[in-house]
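Descriptive structure summary
Listed below, chain by chain, are the residues.
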Amino acid sequence: MMKPESVSLHPLGAAAASSAAPVPEMLCIFGTGDLGRSLGLRLLQSGYRVVYGSRRPHSCGPLPQGAQVMSHETAAQSASLIFICVHREHYGFLETMAPDLAGKVLVDLSNNLKKGMYPEPNAAYLQRLVPGASVVKGLNTLSAWALQNGLLAGKQVYLCGNSAEAKRAVAEMATKLGLTVLDKGSLSAAGELEDFPLQLFPEWRLPLSVAVGLTAFFYFYLLIRDVIYGYVEQDKDISYRIMVSLGNKVFPIVSLIMLSLCYLPGVIAAFLQLYRGTKYSRFPDWLDRWMLCRKQMGLIALGFAFLHAIYTFITPTRYSVRHKLITLVVDEMKNNKTTPFYFDNTEAWGQDSFYVLGILGFFLYVLLGLTSLPSVGGSLSWREFSFIQSKLGHLTLFICTAHGYIYGWNKFLRLSTYKWYTPPGYMLCLIVPSVVLVLKALVILPCVDRTLTRIRQGWERNQPREEMGKVTNL
Amino acid sequence: MMKPESVSLHPLGAAAASSAAPVPEMLCIFGTGDLGRSLGLRLLQSGYRVVYGSRRPHSCGPLPQGAQVMSHETAAQSASLIFICVHREHYGFLETMAPDLAGKVLVDLSNNLKKGMYPEPNAAYLQRLVPGASVVKGLNTLSAWALQNGLLAGKQVYLCGNSAEAKRAVAEMATKLGLTVLDKGSLSAAGELEDFPLQLFPEWRLPLSVAVGLTAFFYFYLLIRDVIYGYVEQDKDISYRIMVSLGNKVFPIVSLIMLSLCYLPGVIAAFLQLYRGTKYSRFPDWLDRWMLCRKQMGLIALGFAFLHAIYTFITPTRYSVRHKLITLVVDEMKNNKTTPFYFDNTEAWGQDSFYVLGILGFFLYVLLGLTSLPSVGGSLSWREFSFIQSKLGHLTLFICTAHGYIYGWNKFLRLSTYKWYTPPGYMLCLIVPSVVLVLKALVILPCVDRTLTRIRQGWERNQPREEMGKVTNL
Amino acid sequence: MMKPESVSLHPLGAAAASSAAPVPEMLCIFGTGDLGRSLGLRLLQSGYRVVYGSRRPHSCGPLPQGAQVMSHETAAQSASLIFICVHREHYGFLETMAPDLAGKVLVDLSNNLKKGMYPEPNAAYLQRLVPGASVVKGLNTLSAWALQNGLLAGKQVYLCGNSAEAKRAVAEMATKLGLTVLDKGSLSAAGELEDFPLQLFPEWRLPLSVAVGLTAFFYFYLLIRDVIYGYVEQDKDISYRIMVSLGNKVFPIVSLIMLSLCYLPGVIAAFLQLYRGTKYSRFPDWLDRWMLCRKQMGLIALGFAFLHAIYTFITPTRYSVRHKLITLVVDEMKNNKTTPFYFDNTEAWGQDSFYVLGILGFFLYVLLGLTSLPSVGGSLSWREFSFIQSKLGHLTLFICTAHGYIYGWNKFLRLSTYKWYTPPGYMLCLIVPSVVLVLKALVILPCVDRTLTRIRQGWERNQPREEMGKVTNL
């Protein structure tokens, strides 16, 4: 298996010798910018040899120790895989050296500054300039920062290209760097890949829009009911409430609705599966998209709950609250000097229950948020994760909804609550969570739950009798 | 080293060719459910070819791009390693195709819905059905979710099986997926492996029981002392205190005790090592188990401290607290109109010190909690981790204990404190932390510390003179 | 490629056989302490065979299942790579068995208890004792704890040694364990490597010193202005303010300054690049070091902001605050009985705006802190990370600075504010953030921004015309 000569070179035994080639492969990088340098460093650390191609080989700044630097032409000759770490605007020189690049694999790592800057993707343009080479688009989601700091383990990167051989070579190199590679097909996917790094929180867009919309709606709704009503009907200037009081009403409302929107698609999906009698039909598109942004919805709900908590904590230090308290005492003293100041036991119970439910709800909220941290969630088993996100999540929703109901416990039937015939904000916000909780309660009824479990294990209601239950899949 | 023909297939240099076989290995998956599909996707991304075996090859729903799908029999013939992603209830068809499976490696990934559903583990049952194949139980802790999202890097999985060769093949495949493999021995361990994914926070069970027990005890203790005593002896109805006031007494008490229980096993272990004069004797079982759940104890203590903090923050907005304040003013006005309202400087100092210690303690608590996040803790060096968890941890315990002592500074000697001859809760809760701190102070005395350091470096008191200090291990 | 005999051993196809040697490589570990045992466990799990060398092969405590244990001499003979997991003080025995170790690779994993314990690094000492072996220093940053818990994926380790072959063998083994290896050169770097694990938060040292310095300065400054001034000029004993009031002034001041210091180097670097007209000149050393500790500065700023928030939350429960409130009411009642208690709308607006800005600032602060968690930051794309840390960071700074300005909005022109002709603390603390915000505003002016973007893409102002814009690098 090994020639005797190589034994002297490798005194480390057969295993080492058989898995490593005697001389590590040489890779070439065009471009000595941040990305080029970081990539070269990482490649050297993974056991490759690296040669840089530069237009000024003798004055191109500090390069990783161990790398060589040559002119573009010489560098290209010494490797079969070339990383193009150069801006698209300067691809021109590659056309002039096309003969040197024939048969090589060119990895296009370039990104543009914004979407639609060029009609043709960078990689397609490169392939047109150098038709004899196999262009592979990919790794462009990696940042110089991540490369330098070795944050690559398990990161997913995308590849596309017309040559399967070329893609395999790049995928192998990427795997050696610790990356996970996903093949996106032929070079026609290059445009899509180049748009990836330009996306800004794509999965947050929908939940954020919902949150902003709800916030705006409830803010204006409460502005009319609280401030403008007071100004018009009672001629009071309570415009200062715009800053804190209104916020502390809008935030819990939006938080509770967002949290319930986070669990609504789950129950819709359950009812859909029950109705269809199978889990093998696809959900409608809107439901799929909704289910994919549940985590983001929950985190935004947590953010609003956090703001609600802080707004509540600073309440007693506010000028207007202290003023109200003092006025209360002064009034009490002037009008009611003889009787002892009355203590309302029911009020004390009601308010304290209200607080306890709010605190417990917030505590569970924070717990849910913590387990959605990648490093915490990743260390849970599947059953633990689903226990927390489903059981604990619904408990949180239940407690927070109860918190809302207790807030208005004695106001639901009072006429003065319905200013200008509009219900207060907290009543509106209780609708969705109540619906979700009722639907969820139906789903966990033993008889419904049993059918659902069977469906989720692969059982189908409309399956021909003889096939039924023959083989179901995990 | 390479035949010329293969050069034309691999224009990428010797290294690539030598580390990858010309044609990637084919793996077979029985079952096209969630798990089967996610596993296939991941295998394809890791460079394998994948063929699915399905009872309905032409209508089995969407499969990962690049995978083939065939009947079970044909699929089995094209691979030597077959993943069984089918529910145990449907293993029957495997028996009928036993001849096709002879000599194959069957990986049983199945899990049950609850413990003890079947007397025989799934993998043993499979081996009995197909005696000619080598059954390997394993990877069953992976979820479809983790597979789809590429969250495998470094994750530990377990294997067991009777054939060492079969296990090695599966281990190799798992390593290629980025997993870390732990061999649990022969197929008789299959039952244990099948119980793993059914466990719900096993390492949290003991700490949670302790926390629940302590909470229940102190809640009833304080209920009697605070509410029932007031009702019986003073005929006051202060039952509203059950909600918030009692909670805000019980939570800090339990938090402090849990925190001290988190550091108690460390000092016990130190004294045990000092007494025995060696680190090579095993600790008693109960101590080992206690030490393994210290992190969970600390996190539960942090949870209780968090609740205590929020309960404190909302205190001034409570009805009963505001009522008390107003009553105070009204009384002051009625009885004491002439003298200026007296400011007690000692009281101001005492209370502010109490708050400062509480805040600092909570701050350190949160810091400890943050460093126990896997991603933060993992980025610390060993010395940094031990600095934070040991030095900072004991400092936190010290500050929180001082916070408790200051709370009762002027009440320890007052007779009215001991209602019905029972000490108040905060006195009881100071016992364990005080003991831990005193023991820890003894351990860090220079003379004791020196001996302990030597023991922990491998020195043994009862070692024969000539052997002593010859070789000690890191 | 394979002999027929090996086929019978490997019924798993060609791919498996070609990537694994028929019999896994044997590695030797000297020392059966915690580190030795954890390392052996991990090596066994990665597919190696492991043999321990021990002075007492028959009584060396529990070793990982599957490992053999022999005398040092016998163990050394069966492997070409030997891990030395023994304290430096006991290296003596290695000298006596030097002939057995000739030609072997010795990996020195040892660490010392403190810096400068020995004039010569452990690895150099080992190489002197066994000149015939190739000593490689490395992996000494790994802890037994991390090895046992499999927390190795992607972790960076360092190697150094005089033999390139030996280093490659160790690097290969480390890569198989999931580690990322960084070669630090020849054995002369061993001292540096041995100092690594002894460092305690090296990158936190500078930010912590700045924070402690600022805290001390402002604490004494405010002590003089608030407490001593009151005592000297107004003969009031308000020393109780030392505990909470002063802290709640110092913490936000230091937090705001630290946050602005976190963004100051960025704008300095931008102006430097604009002035120089190129990005290829190195920044001065102090700027580089400053930029490297921005994350730590920001986290310390967050810590102080957290303390400020909690101090504010507990404010209304403080004795002195409640006393002041009661005094206010009592005074009001005595002197002002006839007029209704006056409500100052401007005051209500001002204070509520102050709170809202503070809360929003704190919320964004926490968001910034969360994205700096390794697991969260690692899951963001480069553009998302820079959006959060730059855009959101500067917004946070702006909001917190506005929070500071509103605090003193009506006090800037009041003479009584300048006690003993000194400005209050919050004025001093607004200087640095204001400067940073003004400079940042200049940098994002369209004309300046355009030039800066071109410079950062590689354009150079003083480049010869013909070369300019020819090739720029990513």
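Taking an unreviewed UniProt entry as the reference, chain A is identified by name as Metalloreductase STEAP4 belonging to Eleginops maclovinus. One UniProt comment on chain A, placed under Sequence similarities (unreviewed entry), says "Belongs to the STEAP family." In UniProt, chain A has this text filed under Subcellular location (unreviewed entry): "Endosome membrane".

On to the relation of the copies chain B and chain A. It takes a turn of 120° to lay chain B on chain A, together with a shift of 0.0 Å along the axis; the resulting RMSD is 0.1 Å. Look at the turn and shift together and you get a three-fold axis relating the two. In this assembly the copies use different faces: only 11% of the residues contributing to the interface of chain B also contribute to that of chain A.

For the pair chain A and chain C, the best superposition has an RMSD of 0.1 Å and corresponds to a rotation of 120° with a translation of 0.1 Å parallel to the axis. The residues that chain A uses at the interface reappear at the interface of chain C in only 11% of cases, marking distinct surfaces.

Taken together, the contacts link 73 residues of chain B with 67 residues of chain A. Carbon and sulfur atoms make up 66% of the area that chain B and chain A hide from each other, which totals about 6500 Å². Where chain B meets chain A, there are 1 salt bridge. As a salt-bridge pair, Arg-318 of chain B and Asp-352 of chain A come within 2.8 Å of each other at their nearest N and O atoms.

The next point concerns the interface of chain A and chain C. If you look at the interface, chain A gives 74 residues, while chain C gives 67 residues. Between chain A and chain C the total buried area reaches about 6500 Å² when both faces are included, carbon and sulfur atoms providing 66% of it. Scanning the region where chain A abuts chain C turns up 1 salt bridge. Broken down by secondary-structure element, the contributors of at least two residues to the side of chain A that touches chain C are α2 (14-19), α3 (34-45), α14 (294-314), α15 (319-335) and α17 (374-377) of chain A. Of the residues assigned to the side of chain A that touches chain C, the class counts are 42 nonpolar, 22 polar and 10 charged.

A contiguous nonpolar patch, built from Ile-224, Ile-228, Tyr-231, Val-232 and Trp-420 of chain A and spanning about 480 Å² of accessible area, is present on the exposed surface. Summarising the element assignment, Ile-228 of chain A is placed in helix α11 (residues 205-233).

This part takes up unusual backbone geometry. Across residues other than glycine, the phi torsion is negative in most instances, and most of the peptide bonds are trans. A positive phi angle, close to 55°, is found at Asp-235 of chain A, a residue other than glycine. For Asp-235 of chain A, a relative accessible area of 63% translates into the label exposed. Although it is not a glycine, Leu-139 of chain B adopts a positive phi angle of roughly 60°. The topology assignment puts Leu-139 of chain B in the loop between β6 (134-138) and α8 (144-148).

By size, the foremost hydrophobic cluster in this structure holds 182 residues, and its most contacted members are Met-258 of chain A, Met-258 of chain B together with Met-258 of chain C. Other than its neighbours up to four places away in sequence, Met-258 of chain B contacts Pro-207, Val-210, Ala-211, Leu-214, Met-297, Ile-300 and Ala-301 of chain B.

All names here are of chain A. In the numbering used here, UniProt assigns the feature "transmembrane region" (unreviewed entry) to residues 206-224, 250-275, 296-314, 354-380, 392-410 and 425-448. End C-alpha to end C-alpha, residues 354-380 measures 33 Å, and it is 81% helix and 0% strand. With 92% helix and 0% strand, the stretch residues 425-448 has end C-alpha atoms that lie 34 Å from each other.

Once that is clear, we can look at the environment of Gly-161 of chain C. Residue and element names in this part refer to chain C. Mapped onto the fold, Gly-161 is located in strand β7 (residues 156-161). As for Gly-161 and Gly-138, which are separated by 23 residues in sequence, their C-alpha atoms are 8.7 Å apart. Excluding residues within four positions of it along the chain, Gly-161 makes contact with Val-135, Lys-167, Gly-185, Ser-186 and Leu-187.

The next subject is the packing of aromatic side chains. Applying the stated criterion to the full structure yields 48 aromatic pairs over all chains. Aromatic pair Phe-354 of chain B and Tyr-355 of chain B: ring centres 5.6 Å apart, planes at 50°, arrangement tilted. Comparing Phe-354 of chain B with Tyr-355 of chain B, the two get one shared label, buried. Taking 4.8 Å as the distance between ring centres and 35° as the angle between the ring planes, the aromatic pair formed by Tyr-158 of chain C and Phe-196 of chain C counts as tilted. Highlighted residues: Tyr-158 of chain C in strand β7 and Phe-196 of chain C in the loop between α10 (190-195) and α11 (205-233), separated in sequence by 38 residues. Members of the aromatic cluster, connected to one another through ring pairs, are Phe-354, Tyr-355, Tyr-407 and Tyr-426 of chain A. When the ring centre of Tyr-118 of chain A is taken as origin, the NZ or CZ atom of Arg-88 of chain A, which lies over that ring, is 3.8 Å away. Residue placement shows Arg-88 of chain A over the ring face of Tyr-125 of chain A; its charged tip is 4.5 Å from the ring centre.

We now examine a positive patch on the surface. Among the surface-exposed residues, Lys-115 and Arg-205 of chain A together with Arg-383 and Lys-391 of chain C lie close enough to one another that they form a single positively charged patch. As for its placement among the helices and strands, Arg-205 of chain A is situated in helix α11. For Arg-205 of chain A, a relative accessible area of 51% translates into the label exposed.

This part takes up the pattern of salt bridges. Residues and elements named next belong to chain A. This model, assessed by the stated rule, comprises 24 salt bridges over all chains. In this structure, Glu-165 and Arg-168 form a salt bridge, with 3.8 Å as the shortest nitrogen-oxygen distance. In this pair, Glu-165 and Arg-168 both sit in helix α9 (residues 164-176), 3 residues apart, roughly one turn of the helix. By relative accessible area, which is 24% here, Glu-165 ends up partly exposed. Exposure remark for Arg-168: the relative accessible area of 33% places this residue in the partly exposed category. In this structure, the salt-bridge partner of Lys-184 is Glu-192, at a minimum N-O distance of 3.5 Å.

As a further point, take the sheet that holds strand β3 (residues 68-70) of chain A. Residue and element names in this part refer to chain A. Read across the sheet, 8 strands follow the order β3-β2-β1-β4-β5-β6-β7-β8 without closing on themselves; strand pairing throughout is mixed. Sheet topology places β3 and β8 (180-183) at the edges, where each strand pairs with a single neighbour. The average angle at which neighbouring strand axes cross in this sheet is 30°, direction not considered. The pairing of strand β5 (residues 105-108) with strand β6 (residues 134-138) spans 4 bridges and is parallel. Bridge pairing in β6 places Val-105 opposite Ser-134.

Criteria and thresholds
- Residues numbered from 1 in each chain as written.
- Chains lettered and ligands numbered in written order.
- Predicted model: local features only at pLDDT ≥ 70, side-chain atom pairs only at ≥ 80, totals over all residues.
- Heavy atoms only, no water.
- UniProt positions renumbered as here; feature names shortened; annotations may be inferred.
- Least-squares fit on C-alpha atoms with pLDDT ≥ 70 in both.
- Contact = heavy atoms within 4.5 Å.
- Buried area = accessible area lost by both parts, 1.4 Å probe.
- Salt bridge = Lys/Arg side-chain N within 4 Å of Asp/Glu carboxyl O.
- Helix = DSSP H or I, 4+ residues; strand = E, 2+ residues; numbered from the N terminus.
- Nonpolar A, V, L, I, M, F, W, Y, C, P; charged D, E, K, R; others polar.
- Patch = residues over 30% accessible without salt bridge, like charges linked within 9 Å, V, L, I, M, F, W, Y side chains within 5 Å.
- Areas by Shrake-Rupley, 256 points an atom, 1.4 Å probe, with all protein chains shown as cover.
- Buried < 20%, exposed > 50% of the residue type's maximum accessible area, 1.4 Å probe, protein only.
- Core = buried A, V, L, I, M, F, W, Y, C linked by side-chain atoms within 4.5 Å.
- Phe/Tyr/Trp six-rings, centres within 6.5 Å; stacked < 30°, edge-to-face > 60°.
- Lys NZ or Arg CZ within 6 Å of the ring centre and 35° of its normal.
- Lys, Arg positive; Asp, Glu negative; His and termini not counted.
- Charge placed at Lys NZ, Arg CZ, Asp CG, Glu CD.
- Pairing = 2+ DSSP bridges.
- Axes fitted to C-alpha atoms, helices over the stretch in contact; angles between N-to-C directions.

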